[in-house]
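As a plain string of letters, each chain reads:
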Amino acid sequence: MKTVSKLALSYKKQFSHSLRSFLPRRLVVPFNQLSDKKYKCLVREGEEVLEGQLIAFPIRGDTDDEAAINAPIPGIAGPVVKCRLPNGRMGQGLEIRLAGSFSYLGRTVEARDWKNVGHEDLLKLLLAKGVVNTFGGGGALVSQITTCRKRDGSFLVVRLFDDDPSRTTDAFVGRYQGQEVSEGASIIASLMGAKGIVFLIPKGMGTVVENEPVKDFPVLTVEVDDGNYPSGIQENIIRIVRKYVKNTQLEYFGSIQVDSLFIDSPTAFAVYEAIVLGKPLIESFVEVSGSCLRSSAIFKVKHGTTFADLANQCGGFKEKPARVVVNGMLCGTMLSDFDVPVTKFVKSLTFVPKSELCNQDFAACIRCGKCRRACPEHLFPDLLASPKLFAVSDEMFFRESAVLCSGCKLCNAVCPSRIPLAQIIDLLKKEA
């Protein structure tokens, strides 16, 4: 496996604590936060809503395993409006004006014993509390758990570091919420009937996984050098685990496959809060940084808070930003709009000045071969993205080859012609 050694940015600081973001007087909570699923708004304009109240649910028939949307703050429901999503698309969301008292914020919630609750009831609770899987591209956690239950045993893989080396959110949650992450992982493993749990921790983090919550399952803890990229993507994780257990007494875990359930530390933490504390997923840890900001921090952010609000809480800008990169400089999405609401799938925001932006104008492929040398899967990204350019007629062959792509986006990073190779290959993967 080819990796780019020590790609992690040297200036990235390790945060020792998080701050609670300011509460906005008005926010917009997007419905279709990740996909194009259709949601039904459950409240009318002018109605009072409570913190954590169910405000939208996917239309039946579209999907039965898509998580609900809950109100992040108490207040008065406004109209359903159009809003820009962190992935660059347009969507709909409910406007809420802050008013009333909080149901969860600032209150002590008593932990409950989830082991006496039936599995079906726990799955329904995860749906109602809006819990999703934010690993990789994200997805419906309950649907993934249900799929794993139908198989003859799958592993649960929990990554406690970030797949993008420019981000530190997952590592922060894994380091400082280890007990909660462990118990959340135990809940998921129980629901899916896992063969075992694999924890992947970053090198030098030390022991962060609590053994007591996961004592009912075989557990493997693998230390990963997250400075080598890519090391946190699904395909790379499988190779790392298989290599780690080879010729050891732990070869039981060597049967790990792509049909295992892969989650990150924020997902396990959200499951813990939903099941043990009864708290819906209405806020997330978000790292806010960038050279044009006066300061940086990891915030506990209510969903619907805008990117601009978080930048203001960091003291504003010392240099005018040109773009904001959502979820990492390698794997993220670049936007020019700062009035975008934070959703369940936002982990980091990096405000970038114009001086740090490269030329984004597309040009024809010059066949330099840089994308081929950078690809850790030994693919030819230029050939996959432009089969007609190379006079190739068997497009089905290229669709099947595209499935081998891990989605690290290194080809995009090194392409001098700025061709969106990773995005084109991703479309081929979906067609295959």
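Here's what I pulled together on the structure shown here. All figures in this text were calculated on a predicted structure; none of them were measured in a lab.

1. What about the overall build of the protein chain?
Of regular secondary structure, the protein chain possesses twelve helices and 17 strands. A globule of 432 residues ought to have a C-alpha radius of gyration of about 22 Å, and the protein chain, at 22 Å, matches this closely. Counting only C-alpha atoms and orienting by the principal axes, one finds that the protein chain spans roughly 60 × 55 × 45 Å. Within the protein chain, the fraction of its 432 residues that count as buried is 53%. The long-range share in the protein chain, meaning contacts at least 24 apart out of those at least 6 apart in sequence, stands at 70%. In the structure as shown, the protein chain presents an accessible area of about 19700 Å², 49% of it carried by carbon and sulfur atoms. Seen as two clouds, the 54 positive and the 47 negative side-chain charges of the protein chain have centres 4 Å apart.

2. Brief notes about the packing of aromatic side chains
With the rule as written, the count across this model stands at ten aromatic pairs. An angle of 50° between the planes, with centres 5.0 Å apart, marks the rings of Phe172 and Tyr176 as tilted. In this pair, Phe172 and Tyr176 both sit in helix 3 (residues 169-176), four residues apart, roughly one turn of the helix. An aromatic cluster is built from Phe172, Tyr176, Phe269 and Phe285, whose rings are joined through pairwise contacts. The residue whose ring lies beneath Lys195 is Tyr252, and the NZ or CZ to ring-centre distance is 5.8 Å. Sitting over the face of the ring of Phe380, Arg372 holds its NZ or CZ atom 4.1 Å from the ring centroid.

3. Considering the environment of Ser166
Positionally, Ser166 belongs in the loop between strand 9 (155-159) and helix 3. Given the relative accessible area of 7%, Ser166 is considered buried. For the pair Ser166 and Met329, spaced 163 residues apart in the sequence, the C-alpha separation amounts to 6.1 Å. Within the local environment of Ser166, its side chain forms a polar contact with the side chain of Asp164, the two groups lying 2.6 Å apart.

4. Things to note about the pairing of strand 2 (residues 26-30)
Summarising burial for strand 2: four of the five residues are buried, a large majority. Relative to strand 8 (residues 90-98), strand 2 runs antiparallel, the two being bridged by five bridges. When the bridges of strand 8 are listed, Arg26 appears paired with Arg97.

5. Quick word on the sheet that holds strand 15 (residues 321-326)
With mixed pairing, the six strands of this open sheet are ordered in space as 1-14-13-17-15-16. Because the sheet does not close on itself, it has two edges, and the strands there are strand 1 (19-20) and strand 16 (333-335). Pairing between strand 15 and strand 17 (residues 348-353): five bridges, direction antiparallel. By the bridge assignment for strand 17, Pro321 is matched with Pro353. The sheet strands contacting helix 3 are strand 13 (283-289), strand 14 (297-302) and strand 17, and the helix crosses strand 13 at an angle near 125°.

6. Some thoughts on helix 4 (residues 178-192)
Here helix 4 spans 21 Å end to end across 15 residues, near enough to the 21 Å set by a 1.5 Å rise per residue. In the stretch just after helix 4, Gly193 is the one whose phi turns positive, near 65°.

7. With respect to the sheet that holds strand 6 (residues 69-70)
Here we have three strands laid out as an open sheet, ordered 3-5-6, and antiparallel in their pairing. Each edge of the open sheet carries a strand with a single partner, namely strand 3 (39-41) and strand 6. Across two bridges, strand 5 (residues 54-58) lies against strand 6 in antiparallel orientation. Bridge pairing in strand 6 places Leu54 opposite Asn70.

8. Remarks on the packing of helix 1 (residues 119-128) against helix 6 (residues 265-275)
For the pair helix 1 and helix 6, the least separation of the axes is 10 Å and the interaxial angle reads 110°. As summarised for this structure, helix 1 and helix 6 are arranged roughly perpendicular, according to the angle between their axes. Between helix 1 and helix 6, the contacting residues are Leu122, Leu125 and Leu126 on the first element and Val271, Ala274 and Ile275 on the second. The residue makeup of the contact of helix 1 with helix 6, split by class, is six nonpolar, no polar and no charged.

9. Here's the deal with the nonpolar core
Membership of the largest hydrophobic core comes to 47 residues, with the highest contact counts inside it found for Leu126, Ile145, Leu156, Val158, Ile188 and Leu261. Sorting the residues of this core by element identifies helix 1, helix 2 (141-150), strand 9, helix 3, helix 4, strand 10 (196-202), strand 12 (261-264) and helix 6 as the ones contributing at least two each. Residues within four places of Leu261 in sequence aside, it is in contact with Asn133, Leu141, Gln144, Ile145, Cys148, Phe155, Leu156, Val157, Ile188 and Met192. Ranked by size, the runner-up nonpolar core spans 21 residues in total, among them Phe299, Leu335, Phe338 and Val342.

10. What to know about helix 5 (residues 234-245)
Helix length check: helix 5, at twelve residues, gives a terminal C-alpha distance of 17 Å against a target of 16 Å (1.5 Å per residue), a fit within 8%. All buried positions along helix 5 are accounted for by Asn236, Ile237, Ile238, Ile240, Val241 and Val245. The inward-facing, buried residues of helix 5 abut strand 9, strand 10, strand 11 (219-224) and strand 12. Just past helix 5, the residue Asn247 takes up positive phi, approximately 60°.

11. Quick look at the environment of Asn247
On the secondary structure map, Asn247 appears in the loop between helix 5 and strand 12. For the pair formed by Asn247 and Cys375, sequence separation is 128 residues and the distance between their alpha carbons is 28 Å.

12. Remarks on the packing of helix 3 against helix 6
Contact geometry of helix 3 with helix 6 gives a least axis separation of 8 Å together with a crossing angle of 50°. By the angle class used here, helix 3 and helix 6 are oblique. For the pair formed by helix 3 and helix 6, the contact residues are Asp170, Val173 and Gly174 on the first element and Ser265, Pro266 and Phe269 on the second. For the contact of helix 3 with helix 6, the class distribution of residues is three nonpolar, two polar and one charged.

Criteria and thresholds
Residues numbered from 1 in each chain as written. Predicted model: local features only at pLDDT ≥ 70, side-chain atom pairs only at ≥ 80, totals over all residues. Heavy atoms only, no water. Helix = DSSP H or I, 4+ residues; strand = E, 2+ residues; numbered from the N terminus. Rg over C-alpha atoms; globule rule 2.2 N^0.38 Å. Buried < 20%, exposed > 50% of the residue type's maximum accessible area, 1.4 Å probe, protein only. Contact = heavy atoms within 4.5 Å. Areas by Shrake-Rupley, 256 points an atom, 1.4 Å probe, with all protein chains shown as cover. Lys, Arg positive; Asp, Glu negative; His and termini not counted. Charge placed at Lys NZ, Arg CZ, Asp CG, Glu CD. Phe/Tyr/Trp six-rings, centres within 6.5 Å; stacked < 30°, edge-to-face > 60°. Lys NZ or Arg CZ within 6 Å of the ring centre and 35° of its normal. Polar contact = N/O pair within 3.5 Å; in protein donor to acceptor, adjacent residues only side chain to side chain. Pairing = 2+ DSSP bridges. Axes fitted to C-alpha atoms, helices over the stretch in contact; angles between N-to-C directions. Expected span 1.5 Å × (residues − 1). Parallel < 35°, antiparallel > 145°, perpendicular 65-115°, else oblique. Nonpolar A, V, L, I, M, F, W, Y, C, P; charged D, E, K, R; others polar. Core = buried A, V, L, I, M, F, W, Y, C linked by side-chain atoms within 4.5 Å.

All we've got here are geometric facts, nothing functional implied.
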